[in-house]
Amino acid sequence: MHQTVDYTPSRDDPYFEAALVEYRAHRPAKTTGNPYHVLGEPVGDMRDNMGCQNRDLSAGVTIRRVTLDGVQVRCYQAGEDPDGPCLFFIHGGGFVGGSVQVMENPCKYLAQITGGLVVNIDYRLAPETPFPGSIGDCVRAILAALKDESLLFDRRRVFVAGDSAGANLALACVQELDAFAGAILYYPVVDLDCGPYWHWDETAYRGWPDALVQHCATSLQGNEPLMQKLYLQGNAGADDPLVSPIYREGGFGCPLLIQYAEYDYLRPQVEAFARRLAAQGAQVDTILYRGLNHAFLDLFGIVPQAQESVDRMGAFIRRHG
């Protein structure tokens, strides 16, 4: 199933969600000058300018900080239902940044609406921890949680989710573990090799060459070599299915929900990935949010579609769990 979710245009901008336009007009300016460099790249500046402060829309959710086989996680739960579902969330940030803090409010809200456990994994980042270290952290944390009797959830109702690079890591976990009733992917990175299954075309973006359309649609363009340098560090080819899941044959063994944005450089590869999955007989639902750009889940409580997308995560979990 493919569904397009529309937006509320502002009077001044016919292409973008009004709340996004308002946020962008008042957000803090990007900063530079952090001296921390790795492999000659300004990793400090990259990390400083990722994510944003969003809003807590939850109530009655407890937070526990737990170590699972050496991996720090945050656990969110409303009540203690041993028959509730569990979702492992893996944050994005280009494999080199992002944080569990940015995704805390969406995770808390998801715990509330599902009545289950949500585990927010604080995996180690590249370049200090190159491929496949972050995947290993996530896999170890999931396996340890499944064995930890102090964590109350139904082991048959386990899901994994992530945003951007975190969605890429979630798909790696699905490939490594036969544990999931489903996976939810926000604007996933699925091809660091820029291979034959898709191509980027500016005419696919409604409103081109509007300045904001151009800015949002190209903000990640050309980052693949940098991610290969910082994340892979020669440990795998960019066409390895654990790196670029678009190259995997035979599907992923569980239903998938893909939620993505209209004005995102990754949109063409996400759509090609969904088509390839469907051709392989996979069960995949896709939802395109018009009027938004990459990383809209960071704006939870700021743009209404972010909350709507988490509500859809909850519905997916109820349907498949």
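Residues numbered from 1 in each chain as written. Predicted model: local features only at pLDDT ≥ 70, side-chain atom pairs only at ≥ 80, totals over all residues. Heavy atoms only, no water.

**Quick notes on the side chain of Lys 108**
Note on placement: Lys 108 falls in helix α3 (residues 104–114). Under the relative-accessibility criterion, Lys 108 is labelled buried at 10%. If we skip the residues at most four places from it in the chain, Lys 108 touches Asp 56, Ser 58, Val 61, Ile 63 and Tyr 76. (Helix = DSSP H or I, 4+ residues; strand = E, 2+ residues; numbered from the N terminus. Buried < 20%, exposed > 50% of the residue type's maximum accessible area, 1.4 Å probe, protein only. Contact = heavy atoms within 4.5 Å.)

**Here's the deal with the packing of helix α4 (residues 133–147) against helix α5 (residues 165–176)**
It is at 10 Å that the axes of α4 and α5 come closest, and there the two elements cross at 60°. Put simply, α4 runs oblique to α5. Handedness of the α4/α5 crossing: right-handed. Of α5, the residues touching α4 (which contributes Ser 134, Ile 135, Cys 138, Val 139 and Ile 142) are Leu 169, Ala 172, Cys 173 and Glu 176. (Axes fitted to C-alpha atoms, helices over the stretch in contact; angles between N-to-C directions. Parallel < 35°, antiparallel > 145°, perpendicular 65-115°, else oblique. Left-handed = near helix turned anticlockwise from the far one by under 90°.)

**Brief notes about the pairing of strand β6 (residues 158–163)**
Most of β6 sits out of view: six of its six residues are buried. The alternating pattern of β6 places Val 158, Val 160 and Gly 162 on one face and Phe 159, Ala 161 and Asp 163 on the opposite face, and all of these are buried. Note: strand β4 (residues 86–90) against β6, five bridges, orientation parallel. Its bridge partner lying in β6, Cys 86 is registered against Val 158. In this sheet, strand β7 (residues 182–186) lies alongside β6 in parallel orientation, the contact comprising five bridges. Directly across from Val 160, in β7, lies its bridge partner Ala 183. Between β6 and its parallel partner β7, the chain crosses via α5, and the hand of that crossover is right-handed. (Pairing = 2+ DSSP bridges. Right-handed = clockwise from strand over helix to strand, strands pointing away.)

**Topic: the pairing of strand β3 (residues 71–77)**
Across the seven residues that make up β3, a large majority, six, are buried. Bridge count for strand β2 (residues 62–68) against β3 is seven bridges, and the pairing is antiparallel. Bridge pairing links Val 66 to Val 73 in β3. The antiparallel hairpin formed by β2 and β3 contains two residues in its connecting segment, where Asp 69 sits at a positive phi of about 50°. Note that β3 and strand β5 (residues 117–122) share six bridges and pair antiparallel.

**A few points about unusual backbone geometry**
Of note, the amide linkage connecting Ala 126 to Pro 127 takes the cis form, showing an omega dihedral of 5°. Structurally, Pro 127 can be placed in the loop between β5 and α4. Here Phe 131 and Pro 132 are connected by a cis peptide whose omega angle stands at 5°. Here Pro 132 is to be found in the loop between β5 and α4.

**Observations regarding the nonpolar core**
Among soluble globular proteins, nonpolar side chains are generally buried collectively. Formed by 113 residues in total, the largest nonpolar core has its most connected members in Leu 87 and Ile 121. Looking at this core, the element that brings in the most residues is α5, giving eight residues. The residues touching Leu 87, leaving out its near neighbours within four places in the chain, are Leu 110, Leu 117, Val 118, Val 119, Phe 159, Val 160, Ala 161, Ile 184, Met 313 and Ile 317. (Core = buried A, V, L, I, M, F, W, Y, C linked by side-chain atoms within 4.5 Å.)

**Observations regarding helix α7 (residues 224–232)**
Looking at α7, one finds that the buried residues are Glu 224, Met 227, Leu 230, Tyr 231 and Leu 232. Buried residues in α7, looked at end-on, bunch into an arc of 165°, giving them a common side. For α7, the secondary structure elements touched by its buried residues are α2 (43–48), α4 and α5. Looking one or two places after α7, you find Gln 233, whose phi comes out positive at around 50°. (Arc of directions from axis to C-beta.)

**Regarding the confidence of the model for the protein chain**
Averaged over all residues, the pLDDT of the protein chain is 97; the fraction at 70 or higher stands at 100%. Within the protein chain, the element-level pLDDT minimum falls on strand β1 (residues 2–5), averaging 89, and the maximum on β4, averaging 99. (pLDDT = per-residue confidence, 0-100.)

**Focus on the pattern of salt bridges**
Under the defined criterion, the tally for this structure stands at 14 salt bridges. Where Asp 285 meets Arg 319, a salt bridge forms, and the shortest distance between an N and an O atom there is 3.0 Å. Of this pair, Asp 285 sits in strand β9 (residues 284–293) while Arg 319 sits in helix α9 (residues 304–320), placing them 34 residues apart in sequence. Look at Asp 285 and you get buried, because its relative accessible area is 14%. Glu 308 is paired through a salt bridge with Arg 312; the nearest N and O atoms lie 3.0 Å apart. Taken together, the residues span about one helical turn, with Glu 308 and Arg 312 both in helix α9 at a distance of four residues. One network of salt bridges, in which partners are shared, links Asp 69, Arg 124, Asp 137 and Arg 140. (Salt bridge = Lys/Arg side-chain N within 4 Å of Asp/Glu carboxyl O.)

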